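For reference, the chains in residue letters:
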Amino acid sequence: MAATDETGPAGQNTTVPGTPPPAGPPAEPAPRANARMPRWLPRAMVLALALIAVFQLGSWAFHQLTGLLINVLIAFFLALAVEPAVSWMAARGVRRGFGTFLVFIGTLVVGAGFVTLLGSMLAEQIIKIVEDFPQYLDSVINWINTHFHTELRRVDIQENLLRSDWLRNYVQNSATGVLDVSAQVLGGLFRLLTIALFSFYFAADGPRLRRAICSVLPPARQSEVLRAWEIAVNKTGGYLYSRGLMALISGLAHYVLLEFLDVPYAPVLAVWVGLVSQFIPTIGTYLAGALPMLIAFTVAPWYAVWVLAFVVVYQQFENYVLQPKLTARTVDIHPAVAFGSVIAGTALLGAVGALIAIPAVATLQAFLGAYVKRYDVTDDPRVHGHRGPDGASAFGRRVRGLWAQRRPESGGAGTAAGAGVAGAGAAGSGGGGSAGAAEPGDGGTAGAPGPS
């Protein structure tokens, strides 16, 4: 029995020779060799590749057509600017195409005349400066020799200048850059022609374009598109005409000054100042005043100072008096918003963005203003810039309160002394009575009388 007990457990784990081993735990089923991928996976992969290809193609096409899209955008805003004049002539029986042609021809004639006069003036002034340059150089050399005790001569300076490597390299670079300048000029002319053609079609076929856009929209959307189009026409045309009126006033004012100082080419310089200062944002005033100052300096150096002072004074008058009155009904946007829009437009589209930024922001502001619900403003003084109900800040009121507490007052001391006497009398009036709270001005005794 003992041997059986000892060998019993071991016998359970031993196998008899020649017999198969016991079966282990069931193994996991092996994957089938004929398993297939989901049917949607190839379609999803093809669709993803197609979307990537379309995105790359669209991005490439957009970068290639960026110049054309910018030209179309400029043409659209020019068409919006001339839309009021074309509509005014169309309402009086003139065909829209012929009216648009008259507007563009008038603008082209005025622009070509201005450029011709300005070019002739600049050419004559450059020739005059070149002819008088030896005299200017002699005067400068004499001043240097007198004050610094030197012995400079104009002949030596001219020889050193002609033999310098800087002049030789500059002439070579200028000769090689003639083709680049010619290509840029031809590209600019082609761009101007493209803008003129698109703007002519947009202005002449404006009603047809609006009908084509509205034909693919539901009636509710059609009214919104037409209202947005009307706002854009009003804001863009108003911006252009208000700027034109301010340019006229600025040109007249500077013409009077230049004629008074007897500066040559006063009419052309006045037109230059008016157009550049009004239609080139932010830096237009400085560019406009630089040319009259240069021409006035050739007449007398002090005339340039007078021109600079007049430009600065007139700019302040225009910013604070003239411009708010003329643009209040056309482009009524905050100056900070206008400045920010110009910066944003310049960052996005360069000089073109700077020109169309203000009318675009004014149009967007006027369009979104109809969907913003406005309420009556409260009468809180803080709305008008005050920080407290009485027109003062909380810090100021606290300082005044502390000052009033620290300031010695005779009336306050007498009041405190009277309060002390009254308290002593009340304490000695009776032994066992309780002191009640008497109202101010009460003639009765405070508390119940004690026993005699």
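What counts as what
Residues numbered from 1 in each chain as written. Predicted model: local features only at pLDDT ≥ 70, side-chain atom pairs only at ≥ 80, totals over all residues. Heavy atoms only, no water. Helix = DSSP H or I, 4+ residues; strand = E, 2+ residues; numbered from the N terminus. Buried < 20%, exposed > 50% of the residue type's maximum accessible area, 1.4 Å probe, protein only. Contact = heavy atoms within 4.5 Å. Areas by Shrake-Rupley, 256 points an atom, 1.4 Å probe, with all protein chains shown as cover. pLDDT = per-residue confidence, 0-100. 1 Å grid on protein atoms, 1.4 Å probe; cavity = no way out; pocket = protein on both sides within 12 Å on 5 of 7 lines; lining within 4 Å. Points joined across faces, edges and corners; volume = space filled by probe spheres on them. Core = buried A, V, L, I, M, F, W, Y, C linked by side-chain atoms within 4.5 Å. Lys, Arg positive; Asp, Glu negative; His and termini not counted. Salt bridge = Lys/Arg side-chain N within 4 Å of Asp/Glu carboxyl O. Polar contact = N/O pair within 3.5 Å; in protein donor to acceptor, adjacent residues only side chain to side chain. Expected span 1.5 Å × (residues − 1). Nonpolar A, V, L, I, M, F, W, Y, C, P; charged D, E, K, R; others polar.

Of regular secondary structure, the chain possesses 16 helices and zero strands. Every one of the 452 residues in the chain was classed for burial, and the buried ones make up 23%. When contacts within the chain are restricted to residue pairs at least 6 apart in sequence, those whose partners lie at least 24 apart make up 62%. Surface exposure of the chain reaches about 32800 Å², of which carbon and sulfur atoms provide 68%.

A separate point is the confidence of the model for the chain. Of the residues in the chain, 74% reach a pLDDT of 70 or more, and the chain-wide mean stands at 75. Per-residue pLDDT stays below 50 along residues 410-452; that stretch engages in eight contacts with residues further than four places along the chain or on separate chains.

By volume, the largest pocket is sized at about 2200 Å³. Contributing to the lining of the largest pocket are 48 residues, with Leu78, Thr107, Gly111, Leu192 and Leu240 lying nearest its centre. Listing elements by their share of the lining of the largest pocket, those giving two or more residues are helix H3 (66-91), helix H4 (96-148), helix H7 (178-204), helix H9 (219-260), helix H10 (266-279) and helix H14 (351-369).

Turning next to the nonpolar core. One broad trend across soluble globular proteins is that nonpolar side chains are buried collectively. Residues Leu118, Met121, Leu258, Val263, Leu269, Leu291 and Val307 are the most contacted members of the largest nonpolar core, which totals 15 residues. Of all the elements in the fold, those that place two or more residues in this core are H4, H9, H10, helix H11 (284-299) and helix H12 (301-326). Setting aside anything within four residues of it in sequence, one finds Leu291 in contact with Leu118, Met121, Leu122, Leu269 and Trp272.

By secondary structure assignment, the location of Arg243 is in helix H9. No salt bridge forms around the buried Arg243; measuring N to O, its nearest opposite-charge neighbour Glu318 is 5.1 Å away. Side-chain polar atoms of Arg243 contact the side chain of Gln278, separated by 3.1 Å. Beyond its immediate stretch of four places on either side in the chain, Arg243 contacts Gln278, Phe279 and Gln323.

Right, let's get into H9. Here H9 spans 61 Å end to end across 42 residues, near enough to the 62 Å set by a 1.5 Å rise per residue. Following H9 by one or two positions, Asp262 has its phi on the positive side, about 60°.

Okay, empty space enclosed by the protein next. This structure, assessed with the given rule, holds two cavities of 30 Å³ or more. Approximately 70 Å³ is the volume attributed to the largest cavity. Those elements giving two or more residues to the lining of the largest cavity turn out to be H9, H10, H11 and H12. Here the lining of the largest cavity gets four residues from one element, more than from any other, and that element is H12. Split into classes, the residues belonging to the lining of the largest cavity amount to four nonpolar, seven polar and one charged. Taken as a whole, the second largest cavity holds about 50 Å³ of empty space. For the second largest cavity, the full set of lining residues is Phe76, Ala79, Leu80, Glu83, Phe202, Leu209, Arg210, Trp229 and Val233. For the lining of the second largest cavity, the secondary structure elements donating two or more residues are H3, helix H8 (206-214) and H9. Here the lining of the second largest cavity gets four residues from one element, more than from any other, and that element is H3.

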